[in-house]
Amino acid sequence: MIAKVSALTQDNRKEIVRFLKFAVVGTLGAVIDFGTLNLLIQFAGFPKVLANTCSFTAAVISNFVWNRLWVYPETMGDPLTKQFFQFFLVNVAGLAINTVIFYGADQWLLGEAGVLAGPVGLLALAIGMPHFDFAYNAAKILATAVVLFWNFFVNRFWTFRHVE
């Protein structure tokens, strides 16, 4: 088993490094996403789904720039408009996936009326955070984790498919 994992790692070293760079860019995007989400909800009074759309969009723009410059620098000579359009389409689908998971997990799983409201409320209380805030942030973490893989694989095999 270890030999198989080692062989797989060696055979795909370039892709593993690319995925790790993508994850770093995604982490920056997540900071932008979560920061903007919380600012818009907590200080600007935006509804959650609108705040999620705005924060996700800000993160996508940052992610596109850093993916083009650092993760896939070989694409710098490619037409910017076509590449951004493809990246944008992948991320619009990612936004749809993100929003469904975010809203569903917040409303029906983790939120104050969710299936796991009791344990989530206790956990929120234990860390000194209101249940409302804890639930939507936990829902956002879940949605972000799922969309990370969607975005990487679809962008890798469509938007940046010609990169070796």
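All of these numbers come straight from a predicted model, not from anything done at the bench. (Residues numbered from 1 in each chain as written. Predicted model: local features only at pLDDT ≥ 70, side-chain atom pairs only at ≥ 80, totals over all residues. Heavy atoms only, no water.)

Undergrad: Help me out: how do you make sense of the overall build of the chain in this one?
TA: When its secondary structure is counted, the chain shows 6 helices and 0 strands. Listed by position from the N terminus, the elements making up the chain come as α-α-α-α-α-α. A principal-axis box enclosing the C-alpha atoms of the chain has dimensions of 50 × 45 × 20 Å. Taken over 164 residues, the chain has a buried fraction of 37%. The long-range share in the chain, meaning contacts at least 24 apart out of those at least 6 apart in sequence, stands at 69%. Separation of charge centres in the chain, based on 11 positive and 9 negative side chains, amounts to 8 Å. (Helix = DSSP H or I, 4+ residues; strand = E, 2+ residues; numbered from the N terminus. Buried < 20%, exposed > 50% of the residue type's maximum accessible area, 1.4 Å probe, protein only. Contact = heavy atoms within 4.5 Å. Lys, Arg positive; Asp, Glu negative; His and termini not counted. Charge placed at Lys NZ, Arg CZ, Asp CG, Glu CD.)

Undergrad: Honestly, the layout of surface pockets in this entry has me stumped. Any pointers?
TA: Once rolled over the atoms, a probe with the size of a water molecule shows which space is left empty. Roughly 290 Å³ of volume is contained in the largest pocket. Looking at the largest pocket, it is lined by 20 residues, and the ones nearest its centre are Gly-26, Asn-63, Thr-144, Leu-148 and Asn-151. Of all the secondary-structure elements, those providing two or more residues to the lining of the largest pocket are α2 (13-42), α3 (48-71), α4 (80-110) and α6 (131-159). The greatest single-element share of the lining of the largest pocket, amounting to 7 residues, is contributed by α2. (1 Å grid on protein atoms, 1.4 Å probe; cavity = no way out; pocket = protein on both sides within 12 Å on 5 of 7 lines; lining within 4 Å. Points joined across faces, edges and corners; volume = space filled by probe spheres on them.)

Undergrad: Even after reading the chapter, I still don't get the side chain of Lys-140, so can you show me in this structure?
TA: Looking at where Lys-140 falls in the secondary structure, it is placed in helix α6. We classify Lys-140 as buried; its relative accessible area is 0%.

Undergrad: So what exactly am I meant to see when it comes to the nonpolar core here?
TA: Across soluble globular proteins, nonpolar side chains show a tendency to be buried alongside one another. Judged by nonpolar contacts, the single largest core of 14 residues is most densely connected at Leu-37, Ile-41, Ala-51, Phe-102, Leu-110, Tyr-136 and Ala-139. Contributing elements (two or more residues each) for this core: α2, α4, α5 (117-126) and α6. Here this core gets 5 residues from one element, more than from any other, and that element is α6. Residue contacts for Leu-37: discarding those within four places in its chain leaves Lys-48, Ala-51, Asn-52, Ser-55, Phe-102, Tyr-136 and Lys-140. Core analysis: the second largest hydrophobic core is formed by 13 residues, Phe-22, Phe-56, Tyr-72 and Phe-152 among them. (Core = buried A, V, L, I, M, F, W, Y, C linked by side-chain atoms within 4.5 Å.)

Undergrad: Please clarify how the pattern of salt bridges should be interpreted in this entry.
TA: When their charged atoms lie close together, side chains carrying opposite charge are able to pair. Evaluated as defined, the whole model comprises 5 salt bridges. With a closest N to O distance of 2.9 Å, Arg-156 and Glu-15 form a salt bridge. Of the two residues, Arg-156 sits in helix α6 while Glu-15 sits in helix α2, which places them 141 residues apart along the sequence. Take Arg-156: its relative accessible area is 6%, and that puts it in the buried class. Ionic pairing is found between Asp-33 and Lys-140, a salt bridge with its closest N-O pair at 3.0 Å. Taken together, the positions of Asp-33 in helix α2 and Lys-140 in helix α6 put the pair 107 residues apart, joining distant regions of the chain. (Salt bridge = Lys/Arg side-chain N within 4 Å of Asp/Glu carboxyl O.)

Undergrad: Whenever I open this one, the packing of aromatic side chains confuses me. Can you help?
TA: Each aromatic ring pair is specified by the distance between its two centres and by the angle formed by the two planes. Using the criterion set out here, one finds 12 aromatic pairs in the structure. Arranged with centres 5.9 Å apart and planes meeting at 20 degrees, the rings of Phe-19 and Phe-149 form a pair that is stacked. Residue Phe-19 is found in helix α2, and its partner Phe-149 is found in helix α6; the two are separated by 130 residues along the sequence. Overall, the relative accessible area of 22% leaves Phe-19 in the partly exposed class. Note on Phe-149: relative accessible area 44%, which makes it partly exposed. (Phe/Tyr/Trp six-rings, centres within 6.5 Å; stacked < 30°, edge-to-face > 60°.)

Undergrad: Looking at this structure, I do not really get the environment of Thr-36. What am I missing?
TA: The topology assignment puts Thr-36 in helix α2. Residue class for Thr-36 comes out partly exposed when judged on its relative accessible area of 22%. With 34 residues separating them in the primary sequence, Thr-36 and Trp-70 have C-alpha atoms 23 Å apart.

By themselves these figures say nothing about function.
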